Amino acid sequence: MPENIVFLLIMVLSVFVSSVSQVMLKIAASKDYSKRIYEYLNPLVISAYLLFFGSTVVTVIAYRHVALSLGPIVEALGYVFIAILSYMILKERINTKKLVGLALIICGVVVVAI
Amino acid sequence: MPPGIDDSTNPNRPRPTSAKPDGSRPSARSFVFLHLIILLYSLAAVCAKLAATSELFSPAFFAWYAGVLVLLGIYALVWQQVIKRMPLTTAFANKGVTVIWGMFWGALLFAEHIDLKMIIGAAVVFAGIVLVVYADA
């Protein structure tokens, strides 16, 4: 599916954007706020929600040429993106078991995509 | 973590080893709820696909897209409740079945062809998800 590979990559982009938003929410959740309402109303959380909203738009664009059966499989790349982002930004460790799992997810996605 | 969006795809968020203080196993009812909202989540993807196959900016397009947002919203709210009642690892491992729902809805509603390559790929991804979520357990 060389023609559809572009839309598959758009789907991957939407998963990446969604992953970035999740990491932003995670960072926001670990901060202290003077009032409970500021846990929701702060620039980080609001931009995270906007990014997540944006990712759903990108998903719909991708689905124009990506099979529904492929969507949730590609979405599993979120685990990979979040692990990488968490490793880089939150300094979270990746153990061997997780590394193998992440590699399996990538392999599985490549198998269905090619 | 605010409701509305959960960090459900984040396998790294802090999690209790058991959601219940007494360490007992989650109830069958919790599992039914979990799988109902996983089903709901898979229907959000169905709505996204229906929006994508509708004429851009037509009433049908907006209706299906609204469906995506509503289903994701409900999903996020109920998910927060479900993970109070069971370990996050269990919830995330079970969430891997969306891969199966995607193929089911694709075949049923959009006449998509599910070949052996896809089933193998999905199985490998599913195994990967289970390994990832239990790596921190």
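On a predicted model such as this, the values are computed, not experimentally measured, just so you know.

Scoring rules and cut-offs
- Residues numbered from 1 in each chain as written.
- Chains lettered and ligands numbered in written order.
- Predicted model: local features only at pLDDT ≥ 70, side-chain atom pairs only at ≥ 80, totals over all residues.
- Heavy atoms only, no water.
- Helix = DSSP H or I, 4+ residues; strand = E, 2+ residues; numbered from the N terminus.
- Buried < 20%, exposed > 50% of the residue type's maximum accessible area, 1.4 Å probe, protein only.
- Contact = heavy atoms within 4.5 Å.
- Areas by Shrake-Rupley, 256 points an atom, 1.4 Å probe, with all protein chains shown as cover.
- Core = buried A, V, L, I, M, F, W, Y, C linked by side-chain atoms within 4.5 Å.
- pLDDT = per-residue confidence, 0-100.
- 1 Å grid on protein atoms, 1.4 Å probe; cavity = no way out; pocket = protein on both sides within 12 Å on 5 of 7 lines; lining within 4 Å.
- Points joined across faces, edges and corners; volume = space filled by probe spheres on them.
- Nonpolar A, V, L, I, M, F, W, Y, C, P; charged D, E, K, R; others polar.

### Describing the overall build of chain B
Check the secondary structure of chain B and you find 5 helices and 0 strands. Counted from the first residue to the last, chain B has its helices and strands arranged as α-α-α-α-α. Buried residues in chain B amount to 50% of all 137 residues. Taking all contacts inside chain B whose residues are at least 6 apart in sequence as the whole, residues at least 24 apart take part in 79%. Taken as a whole, chain B presents about 6300 Å² of accessible surface, with 71% of it coming from carbon and sulfur.

### Side note on the nonpolar core
By size, the foremost hydrophobic cluster in this structure holds 58 residues, and its most contacted members are Ile73, Leu77, Tyr79 and Ile105 of chain A together with Trp79 of chain B. Looking at which element gives the most residues to this core, the answer is helix α1 (residues 28-53) of chain B, with 11 residues. Of all hydrophobic cores here, the second largest spans 5 residues; its members include Met24, Leu25, Val45 and Ala48 of chain A.

### Details of the confidence of the model for chain B
For chain B, the mean per-residue pLDDT works out to 86, and 82% of the residues sit at or above 70. Mean pLDDT values over the elements of chain B span from 90, in helix α3 (residues 88-95) of chain B, up to 97, in helix α4 (residues 98-110) of chain B.

### Comments concerning empty space enclosed by the protein
Evaluated as defined, the whole model comprises 2 cavities of 30 Å³ or more. What the second largest cavity holds in volume is close to 110 Å³. Those elements giving two or more residues to the lining of the second largest cavity turn out to be α3 (71-75) of chain A together with α4 of chain B. Classifying every residue of the lining of the second largest cavity by side-chain character gives 6 nonpolar, 3 polar and 2 charged.

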